[in-house]
Amino acid sequence: MKLLGKHLDKDGSGYVTLRPDDDEDIWHLYNLIQEGDRVRASAVRRVQNVSATGSIESHRVRLNLTLAVARVTWSPSTAAAGEAASFSTDASTSTSAPAHAATLHISGRVTSENPHVKMGAFHTLDVEVNRDVRIEKDEGGWDSIALGRVEESCVPGRGAEVAAIVCGEGTATFCLLSQHMTMVMHRLEGLTRFYSALFTSFLRHIPYSSPTIRAIVIASPGWVRDAVFDYIMAEATRTGNKALLSTRNKFIKVHVTSPHVHSLVEVLKSPEIASQLKETKFAREGIMLDKFFKMLGADEMRAWYGPVHVALAADRGAIGTLLISDDLFRASDPIMRKKYVQLVEDARQKNAEVLIFSSMHESGQQLNQLSGIAAILTFPLDVEVVEAEEREAKEEEERRKQAEENGEDVNAG
């Protein structure tokens, strides 16, 4: 993502102008733009002109529109959506659907004068890669979560950090993992000439020589992963592919329980990967989510989840690690977003580790099934005891208010 311009006031209002470079940047924009924001971007409109003779001419005009955002929808690329490719048992090659880039659809009413579009008209902007977009927010809109995402998305040199092939008997799924997305690049199914097709697909879809790729994982149940690795290296040797041979040390073979994409969660928490990728965002998330589930089974008083319970733990300064999904910050209710932003800021002030999970990773989807928020506590707390304390405090506060209304001395007795 390129930051083209920025003006922010102390009250959290202002604008930033960004240019997305790839699908992950479109995902960042989806998480940045909220209902009520004002977004300016280019659009194409069909304009009709009536000539002096009465004939009607129609042509398309590119113009810049500013909308008061009413709705934001995200259309993933075919890769992010896991568009499947087919490989039949009697075919020699695989085929895949044409790739489509991710797009963002922003709907709302026009707020700026334009010769071709009336003020107040309802319109939709389609934001794509390499198209500038300006996002303007009112007071408090540019909170710490939004500013953090802008900063993170604009770090130069980002890209996929892990390439993975999840294999089974006659099946293979090619994936790329970046900080915020898991992209399924290609699928193979079938046994005839499987290894030959797999090698061709590997060369086409896995950027093995990219400097951002830290590891190339081959994962499978059984021993398919060994056969796949051996075939790739043998073909690289036979064809004299020195670039591929030089990446031999990047390859890691991992055992998983099933040949499906969701097995990437197992991959990321495996010792072979954890030690090599411990500094990457998504690997850390997978490790800590696994730690949470283990804690939930072994010491449930130190593993809390759900918005109410996590907030209670935060009030008592008990959170050691906060796990929260980016889904919660996209809440249409700004009050709820502020609540979660405040929870994150309070946790950080108390030196807790905060991990914001991407719902475009398997680990984020697992966290969403658990309400989207969980915490590993630094010391045990009994939920029932804490809830009883909260009820008692609430009842005491109500008694105090009642006494004040009746003119009684609240400190008497």
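Thresholds, definitions, all that
Residues numbered from 1 in each chain as written. Predicted model: local features only at pLDDT ≥ 70, side-chain atom pairs only at ≥ 80, totals over all residues. Heavy atoms only, no water. Helix = DSSP H or I, 4+ residues; strand = E, 2+ residues; numbered from the N terminus. Buried < 20%, exposed > 50% of the residue type's maximum accessible area, 1.4 Å probe, protein only. Contact = heavy atoms within 4.5 Å. Lys, Arg positive; Asp, Glu negative; His and termini not counted. Charge placed at Lys NZ, Arg CZ, Asp CG, Glu CD. Expected span 1.5 Å × (residues − 1). Arc of directions from axis to C-beta. Pairing = 2+ DSSP bridges. Axes fitted to C-alpha atoms, helices over the stretch in contact; angles between N-to-C directions.

Caption draft 1: Representation of the overall build of the protein within the structure. Looking only at helices and strands, one finds 12 helices and 18 strands in the protein. Across its three principal axes, the protein shows a C-alpha extent of roughly 90 × 80 × 35 Å. Counting the 413 residues in the protein, one finds 47% classified as buried. Contacts in the protein between residues at least 24 apart in sequence constitute 70% of all its contacts with a sequence separation of at least 6. Distance between charge centres in the protein, computed from 47 positive and 57 negative side chains, equals 8 Å.

Caption draft 2: Molecular detail of helix H4 (residues 224-238). Across its 15 residues, H4 extends 21 Å between first and last C-alpha, which sits within 8% of the 21 Å expected from 1.5 Å per residue. All of the buried residues along H4 are Val224, Arg225, Val228, Phe229, Ile232, Met233, Glu235 and Ala236. The buried residues of H4 occupy an angular sector of 165° when projected down its axis, which confines them to one face. Structural note: H4 exposes Thr237 and Arg238 on the side pointing more than 90 degrees away from its buried face. On its buried face, H4 sits against strand E10 (162-168), helix H3 (194-205), strand E13 (215-220), helix H5 (242-245) and strand E14 (251-255). Looking one or two places after H4, you find glycine 240, whose phi comes out positive at around 70°.

Caption draft 3: Structural context of the sheet that holds strand E18 (residues 373-377). Strands sit in the order E15-E18-E16-E17 across an open sheet of four strands; the sheet is mixed. A strand with exactly one partner marks an edge of an open sheet, and here the two such strands are strand E15 (303-305) and strand E17 (353-357). Sheet twist, expressed as the average angle between the axes of neighbouring strands with direction ignored, equals 15°. Pairing between strand E16 (residues 319-325) and E17: five bridges, direction parallel. Its bridge partner lying in E17, leucine 323 is registered against leucine 355.

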